[in-house]
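What follows is the residue order along each chain.
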Amino acid sequence: MSQSERPRRFHATTIVLHGLMALGIIVAFGMGAYMTELAFSPTRLKLYNWHKWLGITLLGLAALRLLTRLAFKAPAAAAGPRWQQMASHAVHALLYVCFFAIPLSGWAYSSAAGFPIVWLGHFPLPDLVSPDHDLAEQLKEVHELLTKGLLALVLLHVGAALKHQITLEAGRVQQTNYNTFQPVRMFEAPKVDIVLVQSQEKPGGIGEPATAVVGPAIANAVAALTGKRVRRLPITPEALKQA
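Since the structure is predicted, the reported quantities are computational estimates derived from the model, not experimental observations.

Caption draft 1: Spotlight on the packing of helix α3 (residues 82–112) against helix α4 (residues 133–163). Where α3 meets α4, the closest approach of the two axes is 8 Å, and the angle between their N-to-C directions is 155°. One element, α3, and the other, α4, form an angle in the roughly antiparallel class. Crossing of α3 against α4: the hand is left-handed. Looking at side-chain class alone, the contact of α3 with α4 contains 19 nonpolar, 7 polar and 1 charged residues.

Okay, structure coming up:
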């Protein structure tokens, strides 16, 4: 397929499924990390059921996403070295493997542990394997390893997406359009609460809580982008030319 025949953006259905799956994976990962640390309780059991329901839902969404991926043409891949193209295809392929392998391994683990899944509390699903304690422990480890692998792949995926938004040359960012470069403004900076804690230890100083850090941080960002160090505020185009 030629580059001219490819659409400029993904199909709307693909974008919606991508967003739903991203949100679901974040919730499932957070829920899984939290519920495993809880003591045995009704809350723990409830979260385990919700985690299973979400996993089965993600499995269905993964199937729909694969179908839409096959049905709708994808935009042309971003330009780059061959190794980056190969790495991108490999990461996408592994992501799809995890989309199916993780919920299926969790489903099999639940079956082997003797806990059938009743999706949404109304739709019983068949057991993938017969109850087996040793097999359940093995499937639990597989499920956890696959989840950690998915987390690593997601980080790579997000990092690559951010990488395509900038151009690097000799280790420096080449974008210099300051009309669209939006630094953090004072009212957008996070709120900082200063808490003085009573202690019987010898005084060691309380630091400099009143030091303004936004200006120096922006100056550092400008220096990293342009290679020019401006040591006085305000940082203007004229100050950059004189630096």
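Caption draft 2: Broad picture of the environment of P126. Tracing the chain through its elements places P126 in the loop between β2 (123–124) and α4. Its relative accessible area of 55% is what places P126 among the exposed residues. As for P126 and P116, which are separated by 10 residues in sequence, their C-alpha atoms are 7.3 Å apart.

Caption draft 3: Geometry of the packing of helix α2 (residues 42–71) against α3. Running from N to C, α2 and α3 cross one another at 150°; their axes reach a closest spacing of 9 Å. Relative to α3, the element α2 lies roughly antiparallel. The handedness of the crossing between α2 and α3 is left-handed. Contacts from K52, G55, I56, L59, A62, A63, R65, L66 and R69 in α2 reach Y96, F99, F100, P103, L104, W107 and S110 in α3.

Caption draft 4: Main features of a negative patch on the surface. A grouping of D132, D134, E137, E141 and E144 is seen on the molecular surface, where their side chains present a negatively charged patch. Here E141 is to be found in helix α4. A relative accessible area of 51% means that E141 is categorised as exposed.

Caption draft 5: Region of the structure containing unusual backbone geometry. In this structure, P234 follows L233 across a cis peptide bond, with omega equal to 0°. Tracing the chain through its elements places P234 in the loop between α5 (214–226) and α6 (237–242).

About the cut-offs
Residues numbered from 1 in each chain as written. Predicted model: local features only at pLDDT ≥ 70, side-chain atom pairs only at ≥ 80, totals over all residues. Heavy atoms only, no water. Axes fitted to C-alpha atoms, helices over the stretch in contact; angles between N-to-C directions. Helix = DSSP H or I, 4+ residues; strand = E, 2+ residues; numbered from the N terminus. Parallel < 35°, antiparallel > 145°, perpendicular 65-115°, else oblique. Left-handed = near helix turned anticlockwise from the far one by under 90°. Nonpolar A, V, L, I, M, F, W, Y, C, P; charged D, E, K, R; others polar. Buried < 20%, exposed > 50% of the residue type's maximum accessible area, 1.4 Å probe, protein only. Contact = heavy atoms within 4.5 Å. Patch = residues over 30% accessible without salt bridge, like charges linked within 9 Å, V, L, I, M, F, W, Y side chains within 5 Å. Areas by Shrake-Rupley, 256 points an atom, 1.4 Å probe, with all protein chains shown as cover. Salt bridge = Lys/Arg side-chain N within 4 Å of Asp/Glu carboxyl O. Lys, Arg positive; Asp, Glu negative; His and termini not counted. Charge placed at Lys NZ, Arg CZ, Asp CG, Glu CD.

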